[in-house]
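Close look at the chain arrangement
So the chains spell out like this:
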Amino acid sequence: GDETSTSASGSAQEPAAPGAGSVKQQISNLVALSLRATVPEVDVEPIVEVCTGKFGDYQCNNAMGLWSKVKGSGTSFKNPNAIGQAIAKNLPACDVIESASVAGPGFVNIVLSKSWVAKRIQDMLVNGIKTWAPILPVKRVVLDFSSPNIAKEMHVGHLRSTIIGDTLARMFEFSNVEVLRCNHVGDWGTQFGMLIEFLFEKFPNWEELGSQAIGDLQVFYKASKQRFDEDAEFKDRAQQAVVRLQGGEEKYRAAWKKICEISRNEFDQVYKLLDVQLEEKGESFYNPYIPQVLEKLSSQGLIEESEGARVIFIQGHQIPLIVVKRDGGFNYASTDLAALWYRLNVEKAEWIIYVTDVGQQQHFDMFFKAARMAGWLPDPKEKKFPKTSHVGFGLVLGADGKRFRTRSTEVVRLGDLLDEAKSRSKSELLQRLTENGKIVDWTDEELEQTSKAVGYGAVKYADLKNNRLTNYTFSFDQMLSDKGNTAVYLQYAHARICSIIRKSNMDVEELKVSGNISLAHPDERVLGLYLIRYAEIVEEACTNLLPSVLCEYLYNLSEMFTRFYTNCQVVGSPEEPSRLLLCEATAVVMRQCFQLLGITPVYKL
Ligand code: ARG
């Protein structure tokens, strides 16, 4: 049988190796066995949560729900509390659980065995953090993120999409899910007519031009737009150029390619700085698939004629989804329908995730519904996969509370933004090192690498730590502060642990194999328990598509470490070997969080 979790569509999940998956998952497996023994006549999923009270580490909340199912059916249980007692008693004997008690109407509080917690941490230290990967009920994900538009500005919204999308990809990849990182660039549309005509006009020798020659594409875009708006004759030519491009005329294809290439170079610079991998599959890629996809939808009777356009009416929406414009052209929605069809049928994705600002929510909502009407996606009540999700995010605001802009120019150059974060963190670092006389210990290379890691990390973390749906205010001062919930603070916390380990005369590598972790002190136990929650945190962040969950964990972890370090002497104490291992485990988990957040950890600060 499969007592783990819901399996992805069709593909039965392989049974997990013992000890694999998150702690919560393992407790759930034990609770499932107990439930089967307690109420064999009822088929019920275990409900296990981390404990908020002080009577346990995890709790099982099945008793109350079960009571309403079995009462009046001649059950021998007198009340929900009695069911709770039975669940506690029927938990299989094992080395995971130390004790279980029942509170109130039947909450079963489970206390984990200290030695099991210690062993799990030590196992991780020896065999690597990969052994703490959660098991997710999905094997293949398409993640559509970043997705800027060619020749238009790549704005901070695209930066958010890039940062959030990359973290989600990293979390899934860590969890052994195959991720197709798709850059759905806007490389097809009517703006190309005007861009191409403008290119012909301004650069008659455009074919020989290198990618730098045109200069700034955003400026180029603006100038061509102005020309388009002011000159009717140019506008006319631009509109014809679209037709000729879409008709596949050689010269127009070549010019289109050139413009895309220049844009691509600009985007790639940003991706390189951010260390983000993406596979470009722009709108143009799906263009050839649109007619056949619309044909299918049409034959299902989903597409209607409305005011000269071809549309899909969708329940709950006043305005229909337009899939063929009045001029016969395809649009954003028809492209997205074709792309979804491709991702489901060719790429065989089980979960397709789109990262854009919340402003596009209605678009996604509508074409997801259209796909459900066409039977491409199952009724979510019946099956979980394949499924689609829109990961929306709020605006980036400037200090003035308005949409973020830099200084005089109205666009924000992402490269400049990252540069500034780096140079600010560098001057702060230099100042501090000069003040405490440590500057002599640093090479230029180290200074450069560290300011880059701290500066870029700060930009990413400031974005990721918020609930993504809320707007956030972009402030260098705030994100580069070494106090509060910032990447800089966390970098310091991590570097401090590394320095504790360096200062000890013991060999941690040796200790990992020969030493023993004891969790005798309450603060050691709290830290140990929080460390082993790592897998379920990643699981939750993936399931709910919320990077902020991981940020919160990382911040809490560093606070718990501080409490432990304040109350438990490490270097020079009799407990030094065990406590050093706890330091090392904390550093490993923190580094892995950094890694998932796309932040380079620093070892000395
Ligand atoms: N290019 C779009 C924009 O800048 C985002 C594309 C998102 N992905 C998608 N499949 N619609 O707004």
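Keep in mind that what you see is a predicted model, and the values were worked out from it rather than measured.

1. Things to note about the UniProt feature "domain: DALR anticodon binding" (unreviewed entry) in the protein
Under the UniProt annotation, the feature "domain: DALR anticodon binding" (unreviewed entry) is placed at residues 490-605. Strand forms 0% of residues 490-605 and helix 72%; the C-alpha atoms that close the span are 11 Å apart.

2. Structural notes on the site of the ligand
The immediate surroundings of the ligand are formed by Asp144, Ser147, Pro148, Asn149, His184, Gly186, Asp336, Ala339, Tyr354 and Thr356. Contributions of two or more residues to the shell around the ligand are made by α12 (332-345) and β11 (351-357). Taken together, the residues that form the shell around the ligand break down as three nonpolar, five polar and two charged.

3. Re the nonpolar core
Formed by 140 residues in total, the largest nonpolar core has its most connected members in Val141, Ile353 and Leu550. Considering every element that reaches this core, the biggest residue donor is helix α22 (residues 576-596), with 11 residues. In contact with Leu550, not counting residues within four places along its chain, are Ile537, Val538, Ala541, Cys593, Leu596 and Leu597. Phe192, Leu217, Ala241 and Ala255 belong to the second largest nonpolar core, which has 21 residues in total.

4. Side note on the environment of Phe77
With respect to the element layout, Phe77 can be found in the loop between α2 (63-70) and α3 (80-89). Here Phe77 falls in the partly exposed class, since 19 other C-beta atoms lie within 10 Å of it. For the pair Phe77 and Leu605, spaced 528 residues apart in the sequence, the C-alpha separation amounts to 61 Å.

5. Quick look at helix α7 (residues 217-230)
Taking 1.5 Å per residue, 14 residues should reach 20 Å; α7 reaches 20 Å between its end C-alpha atoms and fits that length. The set of residues buried in α7 consists of Leu217, Tyr221, Ser224 and Phe228. The buried residues of α7 occupy an angular sector of 75° when projected down its axis, which confines them to one face. Away from the buried face of α7 by more than 90 degrees, exposed residues Val219, Gln226, Asp229 and Glu230 are located. Along its buried surface, α7 packs onto α6 (191-202), α8 (232-246) and α9 (250-274).

Rules behind the numbers
Per chain, residue numbering runs from 1 following the sequence as it is written. Per-residue local features are limited, in this predicted model, to residues with pLDDT of at least 70; the limit for side-chain atom pairs, both in listing and counting, is 80 or more; totals at the level of whole chains, interfaces and linings are taken over all residues. UniProt positions are given in the numbering used here, feature names are shortened, and annotations may be inferred rather than shown by experiment. Each helix is a run of DSSP H or I of at least 4 residues and each strand a run of E of at least 2, with the numbering of both proceeding from the N terminus. A molecule or strand has a residue near it when that residue's C-beta atom, placed from backbone coordinates, lies within 6 Å of it. Residues are grouped as follows: Ala, Val, Leu, Ile, Met, Phe, Trp, Tyr, Cys and Pro are nonpolar; Asp, Glu, Lys and Arg are charged; all remaining types, including Gly, are polar. Defined on buried residues, the nonpolar core groups Ala, Val, Leu, Ile, Met, Phe, Trp, Tyr and Cys residues joined through C-beta atoms within 7 Å. Three exposure classes are used, based on other C-beta atoms lying within 10 Å of a residue's own C-beta, which is placed from the backbone: buried for 20 or more, exposed for 12 or fewer, and partly exposed in between. Residues are defined as contacting one another if the C-beta atoms placed from their backbone atoms lie within 7 Å. Take the residue count of a helix, subtract one, and multiply by 1.5 Å to get its expected span. What the arc measures is the spread of directions leading from the helix axis to the C-beta atoms.

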